Amino acid sequence: MDRLVTLGEFLRSCRARLEPDEVGMPRTGRRRVAGLRREELAQLAGMSVDYLNRLEQGRARTASHAVLDSLAAALRLDDAERAHLFDLAADHRPPPGTGERALQEVTATTRRLLDALDDAHSPAFVLGRYTDVLAGNRLASALITDFAALPPRDRNQARFVFLDPYARELYGEWESVAADTAAMLRMEAGRRPDDRVLSALVGELSASSPAFRSLWADQRVIERADGTKAYRHPVVGGLTVSYQALRVAGQDDQTLFVYTAPPSSRDGTALRLLASWETSVAAEESPAGR
């Protein structure tokens, strides 16, 4: 993933999503493509059309902070998109170990927190680099899938969403989940443009999933914080949970996702039923239960 080429693709995509009337410009002449014309964006950002053209074609080796600020403002980028723009424009150097998957460890303290969240009927799991699922509690395994039972290479949220047919059945709004997952990977790709492991994952998903190819081409990026997610679970039926994404203190590239639902709600009842079902299944599968 050449960062300059990717920077140009991102700028063109953002320009195509912004219409003249959204920025107070007249819609003049016949338009063959959607969005702002290059000269219109250059005018808004206070730069020459030639320089913007070189940026979009991946031929500008550097871009100043002021130029990037102007482009972000002109394109009306949100915080995640602005951060992605600056990541792509930075002169990255590949860190050690970018040719292989570096082992990420979940601390004992985080594992105890996951267990405590089980007691609170809250599914929870930790995502690492590349959307790898590093750990999860029992309720998360019961709600989504038991990643710990999969081969290490397959313990990955993006692979599950795009390559496992069960994911399309499980998520009540699969298209939204898929779009967000691709956008999370796109955000990480901006931070790690020279990471061969990430490039290999993107290549695998692009080759195997037409949906991923289409979403990756959209150039959308997000930084997850909170929201809701709907499930169609085979045991407890439909339920919707709220989630929060929390950075794990002292651990680079680890995010704790915690799912909750009001205890007195139908969704809260479904989580308690799911916890009871998981406990009964675990008891049947244990040596003492056989």
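Report follows, based on the coordinates. (Residues numbered from 1 in each chain as written. Predicted model: local features only at pLDDT ≥ 70, side-chain atom pairs only at ≥ 80, totals over all residues. Heavy atoms only, no water.)

A closer look at the overall build of the protein chain
What the protein chain contains, in helices and strands, is 13 helices and five strands. On the principal axes, the C-alpha backbone points of the protein chain span a range of 75 × 40 × 35 Å. Looking at the protein chain as a whole, 48% of its 290 residues qualify as buried. Total accessible area on the protein chain is roughly 14700 Å²; 51% of this is exposed by carbon and sulfur atoms. Distance between charge centroids for the protein chain: 5 Å, based on 38 positive and 41 negative side chains. (Helix = DSSP H or I, 4+ residues; strand = E, 2+ residues; numbered from the N terminus. Buried < 20%, exposed > 50% of the residue type's maximum accessible area, 1.4 Å probe, protein only. Areas by Shrake-Rupley, 256 points an atom, 1.4 Å probe, with all protein chains shown as cover. Lys, Arg positive; Asp, Glu negative; His and termini not counted. Charge placed at Lys NZ, Arg CZ, Asp CG, Glu CD.)

Topic: the layout of surface pockets
In this structure, the largest pocket encloses a volume near 540 Å³. What lines the largest pocket is a set of 27 residues, and nearest its centre among them are Arg111, Val133, Leu134, Ala135 and Arg155. If you list the elements that add at least two residues to the lining of the largest pocket, you get helix 6 (108–119), strand 2 (133–136) and helix 7 (138–143). The element that contributes the greatest number of residues to the lining of the largest pocket is strand 2, accounting for four residues. Taken as a whole, the second largest pocket encloses approximately 360 Å³ of empty space. Lining the second largest pocket are 19 residues; nearest its centre among them are Glu188, Arg191, Glu223, Arg247 and Thr255. When residues of the lining of the second largest pocket are traced back to their parent elements, those giving at least two are helix 10 (174–191), strand 4 (237–247) and strand 5 (255–260). A total of five residues in the lining of the second largest pocket trace back to one element, the largest contributor, which is helix 10. Taken together, the residues of the lining of the second largest pocket sort by class into eight nonpolar, three polar and eight charged. (1 Å grid on protein atoms, 1.4 Å probe; cavity = no way out; pocket = protein on both sides within 12 Å on 5 of 7 lines; lining within 4 Å. Points joined across faces, edges and corners; volume = space filled by probe spheres on them. Nonpolar A, V, L, I, M, F, W, Y, C, P; charged D, E, K, R; others polar.)

Focus: the pattern of salt bridges
With the rule as written, the count across this model stands at 17 salt bridges. The closest approach of N and O atoms between Glu56 and Arg15, which form a salt bridge, is 2.8 Å. Of the two residues, Glu56 is situated in helix 3 (residues 49–56) and Arg15 in helix 1 (residues 3–16); the sequence distance between them amounts to 41 residues. Notably, a salt bridge pairs Asp253 with Arg129, separated by 3.4 Å at the nearest N-O pair. (Salt bridge = Lys/Arg side-chain N within 4 Å of Asp/Glu carboxyl O.)

Brief notes about the nonpolar core
Residues Ile144, Tyr171 and Tyr231 are the most contacted members of the largest nonpolar core, which totals 46 residues. Ranked by residues supplied to this core, first place goes to helix 10 with eight residues. If we ignore the near neighbours within four places in the chain, the residues touching Tyr231 are Leu143, Ile144, Leu170, Tyr171, Gly172, Gly237, Gly238, Leu239, Val241 and Tyr259. Counting 28 residues, the second largest nonpolar core, distinct from the first, contains Leu7, Cys14, Val67 and Ala72. (Core = buried A, V, L, I, M, F, W, Y, C linked by side-chain atoms within 4.5 Å. Contact = heavy atoms within 4.5 Å.)

Digging into the sheet that holds strand 3 (residues 226–233)
Spatial ordering of the open sheet is given by 2-1-5-4-3, a layout of five strands whose pairing is antiparallel. Bordering the open sheet on either side are strand 2 and strand 3, each of which pairs with just one other strand. The average undirected angle you get between the axes of adjacent strands in this sheet is 30 degrees. Strand direction decides the pairing type here: strand 1 (residues 124–127) and strand 5, joined by four bridges, are antiparallel. Its bridge partner lying in strand 5, Val126 is registered against Leu256. Of the strands in this sheet, strand 1, strand 2 and strand 5 are in contact with helix 6, which crosses strand 1 at around 150 degrees. (Pairing = 2+ DSSP bridges. Axes fitted to C-alpha atoms, helices over the stretch in contact; angles between N-to-C directions.)

So, unusual backbone geometry
With a phi close to 65 degrees, Tyr130 is a non-glycine residue in the positive phi region. Of note, Tyr130 is situated in the loop between strand 1 and strand 2. By relative accessible area, which is 3% here, Tyr130 ends up buried. Positive phi values are uncommon outside glycine, yet Gln219 reaches one of about 65 degrees.

Topic: the pairing of strand 3
Two strands pair when backbone bridges link them, and strand 3 and strand 4 are joined in this way by eight bridges, in the antiparallel orientation. When the sheet's bridge partners are listed, Tyr231 is paired in strand 4 with Leu239. Connecting strand 3 to the antiparallel partner strand 4 that follows it, the hairpin turn spans three residues.

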